[in-house]
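Here are the chains, one letter per residue:
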Amino acid sequence: MAEIINGKLVSQAKREELKSRVLRLNEDGVEVGLAVIIVGNNSASRVYVNNKKKGCEEIGVNSFEYALPEETTQDQLLDLIAELNEDRRVDGILCQLPLPKHIDEQAVINAINPQKDVDAFHPFNVGHIMIGDYTFLPCTPAGIMEMLKFYNISVSGKKCVVIGRSNIVGKPMAMLLLKENGTVEICHSRTENLKEECLTADILVAAVGKAYFVTADMVKDDAVVIDVGMNRNEEGKLCGDVCFDEVSLKASYITPVPGGVGPMTITMLLENTVRAAETYKLAE
Ligand code: GUN
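Conventions we followed
- Residues numbered from 1 in each chain as written.
- Predicted model: local features only at pLDDT ≥ 70, side-chain atom pairs only at ≥ 80, totals over all residues.
- Heavy atoms only, no water.
- Helix = DSSP H or I, 4+ residues; strand = E, 2+ residues; numbered from the N terminus.
- Rg over C-alpha atoms; globule rule 2.2 N^0.38 Å.
- Buried < 20%, exposed > 50% of the residue type's maximum accessible area, 1.4 Å probe, protein only.
- Contact = heavy atoms within 4.5 Å.
- Areas by Shrake-Rupley, 256 points an atom, 1.4 Å probe, with all protein chains shown as cover.
- Lys, Arg positive; Asp, Glu negative; His and termini not counted.
- Charge placed at Lys NZ, Arg CZ, Asp CG, Glu CD.
- Near = heavy atom within 4 Å.
- Polar contact = N/O pair within 3.5 Å; in protein donor to acceptor, adjacent residues only side chain to side chain.
- Nonpolar A, V, L, I, M, F, W, Y, C, P; charged D, E, K, R; others polar.
- Pairing = 2+ DSSP bridges.
- Axes fitted to C-alpha atoms, helices over the stretch in contact; angles between N-to-C directions.
- Salt bridge = Lys/Arg side-chain N within 4 Å of Asp/Glu carboxyl O.

## A word on the overall build of the protein
Regarding its fold elements, the protein presents 10 helices and 11 strands. Relative to the 2.2 N^0.38 estimate, which gives 19 Å for 284 residues, the radius of gyration of the protein is 19 Å and therefore close to what a compact globule would have. Counting only residues that meet the buried cut, the protein has 49% of its 284 residues in that class. When contacts within the protein are restricted to residue pairs at least 6 apart in sequence, those whose partners lie at least 24 apart make up 70%. Taken as a whole, the protein presents about 13,400 Å² of accessible surface, with 50% of it coming from carbon and sulfur. In the protein, which carries 29 positive and 41 negative side-chain charges, the distance between the mean positions of the two groups comes to 2 Å.

Following this line, the structure appears as structure tokens:
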């Protein structure tokens, strides 16, 4: 039976550290602020944004919400970002994705000042992640690395298989595992013999976006299984990409959904926001 990796526990420890870093900044006369932009009425996005604002409150970071209507034009959104780029109260700018279809997401990401890009989505920061020398961490992958470290799970020399090649999770996840000396493979929807590839993994990261996609027959005995999925099953219940019940009988460690990767992603966004103030405001 696998040990459950408790994302809430790791998150709490990290948030305590962040709280004291914010206090230290406050003592130096520096306030920390995060601007959160949400466009339209996506209910999942609303939940994420509320949790991000709550996280800010918890560690003493000011949050500024910009809730814009669905029909907002790309130019209006770009104008707002230009304003926030100049706003001294704002250390981090987060524009919740997905955006409505008439808005070009990459154009919006590119408009954010890389020094305020706390999602680490701007090509400047993506490039730094590739080099392995960076200020801003990609939030979900960095949260996973924190959990592995907390549970003393070593990556060095291990075979790591990442299922999913998104810019938000799969690709940066592979880079962080590689930086820790993992032997990394990225699988995706076109991969042949996916099951056989997954069976080679000492550390398996599922970032597919399909409920119950990873079954026990795809998992090696004693593998570490990380579930990035945030899906709704047929009953509307939140569930991951992994069949938790059967895979947990085989794995050595496993993250649950909810309570695994999810809380860590927001905590790493907060880490980036505090880091922005420490790096760019304190240095002025
Ligand atoms: N939508 C889903 N995940 C994310 C994320 O990490 N950041 C932003 N901005 N939008 C998202």
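Structure's up, so let's keep going.
## Remarks on the site of the ligand
The local shell around the ligand consists of Lys-52, Cys-95, Gln-96, Leu-97, Asp-119 and Phe-121. In the model, a nitrogen atom of the ligand is placed 3.2 Å from a nitrogen or oxygen of the Gln-96 side chain. One of the backbone N or O atoms of Leu-97 is found 2.9 Å from a nitrogen atom in the ligand. Residue composition of the shell around the ligand, by class: 3 nonpolar, 1 polar and 2 charged.

## A closer look at the sheet that holds strand E2 (residues 33–39)
Paired through backbone hydrogen bonds, the strands of a sheet run either parallel or antiparallel to each other. Strand order in the open sheet made by the 3 strands is E3-E2-E4, with parallel pairing throughout. Strands with a single pairing partner mark the edges of an open sheet, and in this sheet they are strand E3 (62–68) and strand E4 (92–95). Averaged over all pairs of adjacent strands, the angle between their axes in this sheet comes to 15°, without regard to strand direction. Sheet strands touched by helix H2 (residues 43–59): E2, E3 and E4. Its angle to E3, the strand with the most contacts, is close to 160°.

## Details of the pattern of salt bridges
Enumeration according to the criterion identifies 17 salt bridges in this entry. The residue Asp-91 makes a salt bridge to Lys-281 at a minimum N-O spacing of 3.0 Å. Here the residue Asp-91 occupies a position in the loop between helix H3 (74–86) and E4, and Lys-281 occupies one in helix H10 (residues 261–281), the gap between them amounting to 190 residues. Per residue, the accessibility class of Asp-91 equals that of Lys-281, and both read buried. When the shortest N-O distance is used, the salt bridge between Asp-202 and Lys-220 registers 2.9 Å. One end of the pair, Asp-202, is in the loop between helix H8 (194–198) and strand E7 (203–206); the other, Lys-220, is in the loop between E7 and strand E8 (224–227), and 18 residues separate them in sequence. In this structure Asp-202 comes out as partly exposed when scored by relative accessible area, which is 24%.

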